[in-house]
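# What the coordinates show
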Amino acid sequence: MKHLFYKPLIFCLMVIALLFGNTVNSVAQQTKLTSFTPGKIWNDDKGVHINAHGGGMLVDKGIYYWFGEHKVAGGIGNTAQVGVHCYSSKDLYNWKDEGISLAVSDDPQSDIVKGSVIERPKVVYNKKTKKYVMWFHLELKGKGYAAARAGVAIADKVTGPYVFVKSYRPNAGQMPIYLPNTPESEKLNCATPANKSDGFFCRDLPGGQMARDMTVFVDDDGKAYHIFSSEENFTLHMAELTSDYLGHTGKFTRIYIGEQTEAPALFKKNGIYYMIGSGCTGWAPNPARWFTAKSLWGPWTFMGNPCIGAGAETTFGGQSTYVLPAPNKKGEFIFIADIWRPKNAIDGRYLWLPILFENDKLKITYMDQWDLSVFKSK
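Let me begin by describing the structure that accompanies this report. As the structure is a computational prediction, the values presented were derived from the model and not from experiment.

### Some points on the overall build of the protein chain
Helices and strands together make up the secondary structure of the protein chain, namely two helices and 20 strands. Across its three principal directions, the C-alpha atoms of the protein chain cover 100 × 55 × 40 Å. Out of the 378 residues belonging to the protein chain, those deemed buried represent 52%. In the form shown here, the protein chain has an accessible surface area of approximately 17600 Å², with 56% of it arising from carbon and sulfur atoms. Each charge sign in the protein chain was given a centre, from 42 positive and 35 negative side chains, and these centres are 4 Å apart.

See below:
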C-alpha cells in the first residue's frame, strides 16, 4: 500500500521539474544579446549554437539572413550531411532559426547527395527575375576535393526551399580578359605556360576552370560576379554572371596569379573595391591578406595583412568568409570569419570584428566583446 502514496508524489515532482526546466529554457532563449563575443558559443532563439559555417549574408526587406554550412559532430561534419542552414535577424546579435534552406539529396545520382561537400554558400537576390539565387562550392561525394565545382540553386522565398539547378566548372573554353595595353608577354599562352598556375589553367581550359572557395558580389548596377579560388587554388578568378545570375558569361579575369589565395570576401566603399582573403594552409589559420582596385577588372593591388596586434599572424584564429556593411552606418563594415574545428566540425565558431579605415587602409584588431556603437566615432 505504501507505493500508492509514493506514485502521486513522484508524479508531482516530475511535473515540477518539467515546468521548472521549461521555465529555465524559456528564460535562456528569451535573453537578448546586445554585443558580439568573437569565438564564443553563439546561441540562436532556441538556445542552440548557430550552425551556419562558411556563410554569407543577405539583407531582404530590412531583415538579415545568414546562410551557412550545417555541420554535424566529428570529422564527418566536414561533409554535407544535412545541407545549408538559414537564420534571420533584425539586429545582427539575435538570430532566429529558419531551418534548412537547401537540403542534401537522398538520390545517389544527385550532385548534392548526402555526403558530398557543400561549402561557402552565398545568396543574392535578382531584381529582374525576382528569384533568390544561391551559389556554393561543391565537391562530389567520395572524390575528395578533385571535382572543384560551382553549384547553384534557386528559390522563390528568401528562406527557401532552394532547388538545386546544376553544378559545373566555369568558363570552359574561355580565356581571361586583360586590361588595355597589357603586353602580350604578360598574357597567358597555353602553347608555352609561363608557370605552374598557367599550366593548371591550360590543363582545365577544355572542361572549365576549378572553382573552390568563393563569394558572390552584386555591384551597384545589378551585375553579379562570382569570385573563386581556381587553378589548384593558386589563382583567384573574378567572373561575370549572366543577367539571371544562374550562369557565367565567359568574361573573367585572374587575380594575384600563382600566390595561392582562398576565402575571398569582397566589398565596395566610396567607389573603391576591397577584397579580403587568406593563404592556403588547409584548416590551419594563416595571415589574412587584402587587395584594392578601382575596377573589378583590375588592376588589383596586394596590400598585405589587414590584421594588427596579438594574433594577427593567424587572423586571430579565423579565416575570412564575408564582409557585411554595418546596419545604418554608411561606409562601415564588419569582417566575418570562421574558426574551424575540423575534428569536431559542429564546434566551429564565428569571428566577427569591425573593419576600421585609416587613410584608406584596412585595419582589423581583435576584441573580446564589442557592439555596433564602435562605428559612432566615425
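Here the narrative resumes.
### So, the pattern of salt bridges
Oppositely charged side chains can form a pair if their charged atoms are brought close together. Applying the stated criterion to the full structure yields 20 salt bridges. D156 is the salt-bridge partner of K131, the closest N and O atoms lying 2.4 Å from each other. Of this pair, K131 sits in strand β6 (residues 131–139) while D156 sits in the loop between β7 (149–155) and β8 (163–168), and the two are 25 residues apart along the sequence. For K131, a relative accessible area of 28% gives the class partly exposed. The exposure class of D156 is exposed, given its relative accessible area of 56%.

### Re the sheet that holds strand β18 (residues 333–339)
Strand order in the open sheet formed by four strands is β17-β18-β19-β20, with antiparallel pairing between adjacent strands. This sheet does not close on itself; its edge strands, each paired only once, are β17 (319–325) and β20 (361–363). Averaged over all pairs of adjacent strands, the angle between their axes in this sheet comes to 30 degrees, without regard to strand direction. In terms of strand pairing, β18 meets strand β19 (residues 349–358) through seven bridges, oriented antiparallel. Along β19, the bridge assignment pairs I334 with P354.

### Re the pairing of strand β3 (residues 83–89)
Most of β3 is tucked away, with seven of its seven residues classed as buried. In terms of strand pairing, strand β2 (residues 63–69) meets β3 through six bridges, oriented antiparallel. Bridge assignment links E69 to a residue of β3, and that residue is V84. What sits between β3 and strand β4 (residues 96–103) in their antiparallel hairpin is a turn of six residues, with L92 showing a positive phi close to 75 degrees.

### Focus: the pairing of β4
Bridge count between β3 and β4: six bridges; the pairing is antiparallel. Looking at β4, one finds that G83 is bridged to A103.

### Notes on the side chain of H53
Inspection of the secondary structure assignment puts H53 in strand β1 (residues 53–60). Looking at H53, the relative accessible area reads 1%, which means it is buried. Excluding anything up to four places from it in sequence, H53 contacts G68, E69, K71, P121, D338, W340, A345, I346, G348 and Y350.

### Brief notes about unusual backbone geometry
Along the chain, G160 connects to P161 via a cis peptide bond; the corresponding omega equals 10 degrees. Checked against the element boundaries, P161 lands in the loop between β7 and β8. At the junction of G298 and P299, the peptide bond is cis and its omega measures out at 0 degrees in the coordinates. Relative to the elements of secondary structure, P299 occurs in the loop between β15 (288–293) and β16 (301–302). Although it is not a glycine, N171 sits at a positive phi angle of roughly 60 degrees. Considering the arrangement of structural elements, one finds N171 in the loop between β8 and α2 (196–204). Not every positive phi belongs to a glycine, and Y245 is a case in point at roughly 65 degrees. Secondary-structure assignment places Y245 in the loop between β11 (235–241) and β12 (248–255).

### Let's talk about the nonpolar core
Counting residues in hydrophobic clusters, the biggest one holds 41 residues, and the most contacted among them are W66, W95, F267, I276, I334, W352 and I355. Among the secondary structure elements, those contributing two or more residues to this core are β2, β13 (262–269), β14 (272–278), β15, β17, β18 and β19. Beyond its immediate chain neighbours, meaning those up to four positions away, I334 contacts L92, Y322, V323, L324, A326, W352, L353, I355, W370, L372 and F375. Membership of the second largest hydrophobic core comes to 22 residues, among which are I63, F136, L140 and A153.

### Things to note about the state of the cysteines
Here the structure, examined in full by the defined rule, presents one disulfide. Disulfide pairing places C190 opposite C202 at an S-S distance of 2.1 Å. Judged by the sign of its S-S torsion, about -90 degrees, the bond between C190 and C202 is left-handed. One end of the pair, C190, is in the loop between β8 and α2; the other, C202, is in helix α2, with twelve residues separating them in the sequence. The class for C190 is partly exposed, based on a relative accessible area of 31%. Summary of cysteine pairing: C307 is not part of a disulfide, and the nearest cysteine sulfur, belonging to C280, is at 16 Å.

Cut-offs and rules
- Residues numbered from 1 in each chain as written.
- Predicted model: local features only at pLDDT ≥ 70, side-chain atom pairs only at ≥ 80, totals over all residues.
- Heavy atoms only, no water.
- Helix = DSSP H or I, 4+ residues; strand = E, 2+ residues; numbered from the N terminus.
- Buried < 20%, exposed > 50% of the residue type's maximum accessible area, 1.4 Å probe, protein only.
- Areas by Shrake-Rupley, 256 points an atom, 1.4 Å probe, with all protein chains shown as cover.
- Lys, Arg positive; Asp, Glu negative; His and termini not counted.
- Charge placed at Lys NZ, Arg CZ, Asp CG, Glu CD.
- Salt bridge = Lys/Arg side-chain N within 4 Å of Asp/Glu carboxyl O.
- Pairing = 2+ DSSP bridges.
- Axes fitted to C-alpha atoms, helices over the stretch in contact; angles between N-to-C directions.
- Contact = heavy atoms within 4.5 Å.
- Core = buried A, V, L, I, M, F, W, Y, C linked by side-chain atoms within 4.5 Å.
- Disulfide = S-S within 2.5 Å.

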